[in-house]
Amino acid sequence: MARTVHELEQDVYYFTYGPHPPVARISPGDSVRSKTVDALGWDDEGNPMPPEKMQSDGSIEFLDVNPQVGPVFVEGAEPGDMLAVKIDSVQLTRGWAWSRFIPGFGVLGVEGEVTGPTGLNPPLPEMEFRWTYNDDLTEASIDLPSSSLGRATIPLHPFLGCIGVCPRFGETIDSLTPANHGANMDCIETAPGTTVYLPVFVPGALLFFGDGHAAQGDGEACGVALEASTVTELTVDLVKDYPLSWPRFENDDHIMTVGNTRPLIDAVRIAKTEMVLWLERDYGFDRWEAFQLLSQVCRIRVGNVVDPKYTIVVKFPKSQLPGG
């Protein structure tokens, strides 16, 4: 039976994850396809979205970055269930991406991030960088005229910087901040071929996604990846009565657990604890034997160390699961 693909028409892009009116209602097993704009709201021709297409409220100041597609209401989803969102494709839609230095942001901008413009040290210089794709969208290049290398070329690996659901307890959270609802995890594992498992906190789950990246290093050191517009397709399934505390990922090679918090060590603890619990519940491991094996074979991916909460992903190889 052919799956239904819903083409989303986004009247308003959201800067917050919260109980917003759904852009579409879908059944479990359906897919959604949508254009996403980049982190500044620029479209596939590099034009900014008009103000009326962006979330606004005369009484509220929004942090106007990472405009999100959605929310998508999943029929039958109730608190205590789990979404299983397969990332089918993230297609780049223009021939270039941008990155930049933002004063007070990134791993070198800690003081400015905390204290604002009254910090003791001068902020990073504000600079923008334009990366150009090759014709088959497999590489990006940039001129470095003041450096001995002269020009750099890197491989592209498109992925979603943001994917998540409506937070619990009636919260509305800005799209820069990851937490247990997912959102701005900035991890290169959220790429085509990965299934993202998300907790359901409200009826319908209310799925959001956006912030396409063409490439990014671990940690997103300057706070900005290769920011890109995309056409993204997802297939959304529902697992009833499977409560999650934090997001999880799975691809062909690994199962993965996520911690989104500060300090960094607590994000590591969350992700490692969640992996032990997953191995115990679903794969027949004794808790402490799982922790011993995990201690020897896991790998850690650092999504970001620049957002209001950091992201750590613990990867466990499927070759070490029962049946290999």
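Bear in mind that the values here come from a model prediction, so they are computed numbers and not experimental data.

Enquirer: Just checking my understanding: could you explain helix H2 (residues 264–283) for this structure?
Expert: Side chains that are three or four residues apart share a direction in an α-helix, a result of its 3.6 residues per turn. Across its 20 residues, H2 extends 28 Å between first and last C-alpha, which sits within 8% of the 28 Å expected from 1.5 Å per residue. Taken as a whole, H2 has its buried residues at Ala-267, Val-268, Ile-270, Ala-271, Glu-274, Met-275, Val-276, Trp-278 and Leu-279. Remark: Gly-284 follows H2 within two positions and exhibits a positive phi of approximately 80°.

Enquirer: Explain the nonpolar core to me, please; I cannot follow it from the model alone.
Expert: Across soluble globular proteins, nonpolar side chains show a tendency to be buried alongside one another. In this structure, Leu-83, Ile-163, Leu-207 and Leu-234 are the most contacted members of the largest nonpolar core, which totals 46 residues. Only strand E3 (24–26), strand E5 (68–74), strand E6 (82–92), strand E11 (159–165), strand E14 (195–199), strand E15 (207–213), strand E16 (230–239) and strand E18 (254–261) provide two or more residues apiece to this core. Every residue in contact with Leu-83, bar those within four places of it in the chain, is listed here: Val-74, Val-165, Val-196, Tyr-197, Leu-198, Val-200, Ala-205, Leu-207, Val-236, Asp-237 and Leu-238. With 21 residues, the next largest nonpolar core counts Met-82, Ala-271, Met-275 and Leu-294 among its residues.

Enquirer: Any chance you could explain the sheet that holds E18 here in plain terms?
Expert: A sheet is described by the order of its strands in space; here nine strands give the open sequence E1-E4-E16-E6-E14-E17-E18-E20-E19, paired in mixed fashion. The open sheet has two edge strands with one neighbour each: strand E1 (5–7) and strand E19 (299–304). Strand after strand, the sheet turns through a mean of 25° between neighbouring axes, direction not considered. Contacting E14, strand E17 (248–250), E18, E19 and strand E20 (310–317), H2 runs over the sheet at an angle of about 140° to E18. Together, E19 and E20 form the strand contacts of helix H3 (residues 287–297), whose direction differs from that of E20 by roughly 100°.

Enquirer: In this structure, what is going on with the pairing of E11? I would like to understand it.
Expert: The side chains of a regular strand alternate between the sheet's two faces. For E11, the buried fraction is high: seven of the seven residues fall into the buried class. Here E11 pairs with E15 via six bridges, running antiparallel. Considered in E15, the bridge of Ile-163 is made with Phe-209. Strand direction decides the pairing type here: E11 and strand E13 (residues 182–184), joined by three bridges, are antiparallel. Pairing of Gly-164 across the sheet is with Gly-182, part of E13.

Conventions we followed
Residues numbered from 1 in each chain as written. Predicted model: local features only at pLDDT ≥ 70, side-chain atom pairs only at ≥ 80, totals over all residues. Heavy atoms only, no water. Helix = DSSP H or I, 4+ residues; strand = E, 2+ residues; numbered from the N terminus. Expected span 1.5 Å × (residues − 1). Buried < 20%, exposed > 50% of the residue type's maximum accessible area, 1.4 Å probe, protein only. Core = buried A, V, L, I, M, F, W, Y, C linked by side-chain atoms within 4.5 Å. Contact = heavy atoms within 4.5 Å. Pairing = 2+ DSSP bridges. Axes fitted to C-alpha atoms, helices over the stretch in contact; angles between N-to-C directions.

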